[in-house]
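Close look at the chain arrangement
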Amino acid sequence: MKRIAILATNGFEESELKSPKEAMENAGFKVEIVSPENGEIKGWANGNWSNTYNVDKKLTDVKAEEYNALVLPGGVINPDKLRRNGDALVFVRDFFKEKKPVAAICHAPQILISAEVVKGRKMTSFNSIKDDLINAGANWVDQEVVVDEGFVTSRNPNDLPAFNSKLIEEIKEGKHEEQHA
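Let us look at the structure shown here.

Cut-offs applied
- Note on numbering: residues in each chain are counted from 1, in written sequence order.
- Whole-chain, interface and lining totals are the exception, using all residues; otherwise, since this is a predicted model, local features are given only for residues with pLDDT of at least 70 and side-chain atom pairs are given and counted only at 80 or more.
- Excluding hydrogens and water, the side-chain values take into account all heavy atoms of the structure.
- Numbering goes from the N terminus for both helices and strands, where a helix is a DSSP run of H or I of at least four residues and a strand is a run of E of at least two.
- In this analysis, two residues are considered to be in contact whenever any of their non-hydrogen atoms come within 4.5 Å of each other.
- We define a polar contact as two N or O atoms separated by no more than 3.5 Å, with the added condition that, inside protein, one atom must be a possible hydrogen donor and the other a possible acceptor, whereas residues neighbouring each other in sequence contribute only through side-chain atom pairs.
- For two strands to be treated as a pair, DSSP must find no fewer than two bridges joining them.
- Axes, fitted as lines to C-alpha atoms, cover a helix only where it is in contact. Angles between the N-to-C directions of the axes lie from 0 to 180 degrees.
- Burial classes: relative accessible area under 20% of the type maximum marks a residue as buried, over 50% as exposed, and values in between as partly exposed (1.4 Å probe, protein chains only).

Right, let's get into the environment of Thr153. Of note, Thr153 is situated in strand 12 (residues 151–154). Once the C-alpha coordinates of Thr153 and Val31 are considered, the two residues, 122 residues apart in sequence, prove to be 19 Å apart. Not counting the four nearest positions on each side in its chain, Thr153 is found in contact with Ala104, Met123, Thr124, Glu144, Val145, Val146 and Phe163. Polar side-chain contacts of Thr153 include one of 2.9 Å to the backbone nitrogen of Thr124.

Read across the sheet, seven strands follow the order 6-3-1-7-8-12-11 without closing on themselves; strand pairing throughout is mixed. The open sheet is flanked by strand 6 (57–58) and strand 11 (145–148), the only strands paired with a single partner. Of the pairings in the sheet, the one linking strand 3 (residues 30–35) to strand 6 comprises two bridges and is parallel in character. Considered in strand 6, the bridge of Val34 is made with Lys57. Each of strand 1 (3–7), strand 3, strand 7 (69–72) and strand 8 (102–105) is contacted by helix 1 (residues 14–26), which is oriented at about 150° to strand 3, the strand it contacts most. With respect to the sheet, helix 6 (residues 160–173) is in contact with strand 1, strand 7, strand 8, strand 11 and strand 12, its orientation differing from that of strand 12 by roughly 175°.

Judged by which residues are buried, strand 12 turns out to be covered on both faces: Phe151 and Thr153 on one side and Val152 and Ser154 on the other are all buried. Where strand 8 and strand 12 come together, four bridges link them in parallel fashion. Paired with Ile105 across the strands is Ser154, a residue of strand 12. Two elements, strand 11 and strand 12, share four bridges in a ladder whose sense is antiparallel. Residue Val147 lies in a different strand from strand 12, and its bridge partner there is Val152. Here strand 11 folds back onto strand 12, and the loop between the two strands holds two residues, one of which, Glu149, carries a positive phi near 50°.

Below, the structure written as structure tokens:
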């Protein structure tokens, strides 16, 4: 059974965690929420704090090699916290080194900028971080979902159906030899 990590902390966009998690579980994958915190983390929806989600694994207790893929939900607060966490950056970078699928939506690519894994990659994001990605060397495009050798990105919650579909497809394909940082 494929095991998938969703890396998140307080302030993640709720739909961008909940929707891919449900889609991956429906596809038969074991999905675990990994966070710098133990216990619970709180989502964000419609401009307010929303539901809490149980953390399955503490970030410092896991390694990328234990998972088949990584999903990064967005939100404004969540990526800003994670991009300043050295353990999170190492965890993210290791998925690229191991050539495993990585999926990021909305503002989550900010984490990937700080992990220095976007240079030369075709990708999309929430439009407010387009310049940040271009400045970090990414080939930014305005599309519902972009797949670049096992690397899946989307713009916002409206893109979730396409994001989830491509994410599941890439996980089923497994490692991508062209996946790189």
